[in-house]
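Each chain is listed here by its residues.
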2 protein chains.
Amino acid sequence: MSSRDTQRRIKQAATKLFNDYGTSKISTNTIAEYCEISKGNLHYHFKNKQEIIKAIYADIATEIESDWSDDESQPTVSHMAEMHARQLELIWRYRFFYREMAALAKADPELADSIQLNREKRINILVRFFEKLIETGVLKKPRSKESLRYMVVMTWIFTDNWLNFMELQGNEDREEVAQLGYDMIIEILYPYLTDKATREIYDSYDALRQRLGD
Amino acid sequence: MSSRDTQRRIKQAATKLFNDYGTSKISTNTIAEYCEISKGNLHYHFKNKQEIIKAIYADIATEIESDWSDDESQPTVSHMAEMHARQLELIWRYRFFYREMAALAKADPELADSIQLNREKRINILVRFFEKLIETGVLKKPRSKESLRYMVVMTWIFTDNWLNFMELQGNEDREEVAQLGYDMIIEILYPYLTDKATREIYDSYDALRQRLGD
């Protein structure tokens, strides 16, 4: 098996185990056992657990950077719904990371910097996406440019933590979680929706469900 | 020293150490050392670290239950600002808990149930608080009762995670964090503010600062 394949297997196993038990309960030995490779082999690829977590986050960041960069060119309500489904789907796959993000970042300043940098980039893209929604007459202009950024940050924090909130409530039905989360975002945007947007919302729920069914 | 005093000292030391280093890096031995008590004495009071965490959460819940139950009787914008400052101040004191809440809850179903129960109670109180703001002409009626609950849940998730968001950004100035958080909540409420509310907002920032200065 190539080095890259082994690394991928280690990251996949770690993600599965971290999702199920939390990072603090899982040792590199457990991960090696789960992969059916030797401890030495694992440590050849990753010095310690922290390095595995960082490599997993790098994958998250790469996925976001490469697949999500085109959002601005599709300023529609349906694309917004798809973005929401896509985000929740990513959070679901890496839910340990979103569950523990604040603590992981606190324990590792390098990881914190990297999260912070990617977050800033994405928030800027989202602000521009919403500016395009305003330009194309889907959203009404909020009172200031600041307002728009605040709403983006608010929905960002909401989305990042929505699965955690629902998990605690015992509801882990992916489709339900995504739909209810979308309902809430629509609610916050509601005062800013134009007639054009209102007509598009019904279709956007189809787009959301379709994306979730993928 | 009375048993209750010892327990309080243990909880205080644990909170300080958890805030600074995270729960996974701190053992009960470290806590005992920090308190200058024997390991045996600590274990007489708390079987393990999980029991200390649960006792700390019980204190958080008691503080919320006993001091915050009267919110509905003060339906003003200034009181809303005070509620926000009060919440962030509590999160600041127990920031390890808000940083790790999702993971701690996942690791301990009993703790999860207790968080969930208290959260439901508080969200209901907040919904009634906002209903009072509508009744007294401070807020305009949103399109449905559901809408109001959604906005409460959204701002709830935002507030619980706002310090984490700012901490990751390297901003831990308590007053700044609280003010910017309040700005964002006002922004979400903005479309629902009546003229009466707009007049009260300026004063509410004074109330916020006063409460933070306490």
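Residues numbered from 1 in each chain as written. Chains lettered and ligands numbered in written order. Predicted model: local features only at pLDDT ≥ 70, side-chain atom pairs only at ≥ 80, totals over all residues. Heavy atoms only, no water.

Between chain B and chain A, the contact holds 43 residues from the first and 43 residues from the second. Surface buried jointly by chain B and chain A totals about 3,900 Å² across both partners, of which 73% is contributed by carbon and sulfur atoms. The interface formed by chain B and chain A contains 2 salt bridges. For A:Glu187, the salt bridge goes to B:Arg143, with nearest N and O atoms at 3.1 Å. The interface formed by chain B and chain A contains 8 residue pairs in polar contact (both at pLDDT 80 or more). Every element with two or more residues in the side of chain B that touches chain A is listed here: helix 1 (3-21), helix 6 (95-107), helix 7 (109-135), helix 8 (145-168) and helix 9 (174-189) of chain B. Residue contributions to the side of chain B that touches chain A peak at 14 residues, all from helix 8 of chain B. Classifying every residue of the side of chain B that touches chain A by side-chain character gives 26 nonpolar, 8 polar and 9 charged. (Contact = heavy atoms within 4.5 Å. Buried area = accessible area lost by both parts, 1.4 Å probe. Salt bridge = Lys/Arg side-chain N within 4 Å of Asp/Glu carboxyl O. Polar contact = N/O pair within 3.5 Å; in protein donor to acceptor, adjacent residues only side chain to side chain. Helix = DSSP H or I, 4+ residues; strand = E, 2+ residues; numbered from the N terminus. Nonpolar A, V, L, I, M, F, W, Y, C, P; charged D, E, K, R; others polar.)

Before going further, it helps to spend a moment on the packing of helix 9 (residues 174-189) of chain A against helix 8 of chain B. Closest axis-to-axis distance for the helix 9 of chain A/helix 8 of chain B pair is 9 Å, and the angle between their directions is 100 degrees. Considering their axes alone, helix 9 of chain A and helix 8 of chain B lie roughly perpendicular with respect to each other. Between helix 9 of chain A and helix 8 of chain B, the residues in contact are A:Leu180, A:Asp183, A:Met184, A:Ile185, A:Glu187 and A:Ile188 and B:Ser147, B:Tyr150, B:Met151, B:Val153 and B:Met154, respectively. A class-by-class count of the residues in the contact of helix 9 of chain A with helix 8 of chain B yields 8 nonpolar, 1 polar and 2 charged. (Axes fitted to C-alpha atoms, helices over the stretch in contact; angles between N-to-C directions. Parallel < 35°, antiparallel > 145°, perpendicular 65-115°, else oblique.)

What follows concerns the relation of the copies chain B and chain A. Of the two same-sequence chains, chain B is brought onto chain A (RMSD 0.0 Å, axial shift 0.0 Å) by a rotation of 180 degrees. Taken together, these values place the two copies in the relation of a two-fold axis. Comparing interface residues between copies, 100% of those in chain B also lie at the interface in chain A; the contact surface is shared. (Least-squares fit on C-alpha atoms with pLDDT ≥ 70 in both.)

With that settled, the discussion passes to the confidence of the model for chain A. All names here are of chain A. Summarising the model, chain A shows a mean pLDDT of 94, and 99% of its residues fall at 70 or more. Highest mean pLDDT in chain A belongs to helix 2 (residues 28-35) (97); lowest belongs to helix 10 (residues 195-213) (92). Prediction confidence for the complex, expressed as pTM and ipTM, is 0.96 and 0.95 respectively. (pLDDT = per-residue confidence, 0-100.)

On to unusual backbone geometry, then. Phi is positive for A:Glu36, which is not a glycine, with a value near 55 degrees. In this fold, A:Glu36 is placed in the loop between helix 2 and helix 3 (39-45).

Another point: the pattern of salt bridges. Residues and elements named next belong to chain A. Taken as a whole and assessed by the stated rule, the structure comprises 32 salt bridges over all chains. For lysine 54, the salt bridge identified is with aspartate 108, shortest N-O distance 2.8 Å. Pair noted here: lysine 54 is in helix 4 (residues 49-67) and aspartate 108 is in the loop between helix 6 (95-107) and helix 7 (109-135), with a separation of 54 residues, a long-range link. With a relative accessible area of 18%, lysine 54 lands in the buried category. Residue aspartate 108 is classed as buried on the basis of its relative accessible area of 7%. (Buried < 20%, exposed > 50% of the residue type's maximum accessible area, 1.4 Å probe, protein only.)

Now for the packing of helix 5 (residues 77-93) of chain B against helix 9 of chain B. Residues and elements named next belong to chain B. As a packed pair, helix 5 and helix 9 sit with axes 10 Å apart at the nearest point and diverge in direction by 135 degrees. Judged on the interaxial angle alone, helix 9 and helix 5 are oblique. In the packing of helix 5 onto helix 9, the handedness of the crossing is right-handed. Within the contact between the two elements, helix 5 uses Val77, Met80, Ala81, His84, Leu88, Glu89 and Trp92 and helix 9 uses Arg174, Val177, Ala178, Gly181, Tyr182, Ile185, Ile186 and Leu189. Taken together, the residues of the contact of helix 5 with helix 9 break down into 11 nonpolar, 2 polar and 2 charged. (Left-handed = near helix turned anticlockwise from the far one by under 90°.)

Under the definition given, this model contains 9 cavities of 30 Å³ or more. Of the voids in this model, the largest cavity is the one considered here, and its volume is about 380 Å³. A:Tyr98, A:Asn161, A:Asn164, B:Asn161 and B:Asn164 are, among the 26 residues lining the largest cavity, the residues nearest its centre. Contributions of two or more residues to the lining of the largest cavity are made by helix 6 and helix 8 (145-168) of chain A together with helix 6 and helix 8 of chain B. (1 Å grid on protein atoms, 1.4 Å probe; cavity = no way out; pocket = protein on both sides within 12 Å on 5 of 7 lines; lining within 4 Å. Points joined across faces, edges and corners; volume = space filled by probe spheres on them.)

Once that is clear, we can look at the side chain of B:Gln116. Structurally, the position occupied by B:Gln116 is in helix 7. Its relative accessible area of 13% is what places B:Gln116 among the buried residues.

A few words now on the packing of aromatic side chains. If you walk through the whole model with that rule in mind, you get 16 aromatic pairs over all chains. Grouping aromatic residues by their ring pairs yields a cluster made of A:Phe18, A:Tyr57, A:Phe96, A:Phe97 and A:Tyr98. Sitting above the plane of the A:Trp68 ring, A:Arg86 keeps its charged end 4.0 Å from the centroid. The ring of A:Phe165 is capped by B:Arg119, whose NZ or CZ atom sits 3.6 Å from the centre of that ring. (Phe/Tyr/Trp six-rings, centres within 6.5 Å; stacked < 30°, edge-to-face > 60°. Lys NZ or Arg CZ within 6 Å of the ring centre and 35° of its normal.)

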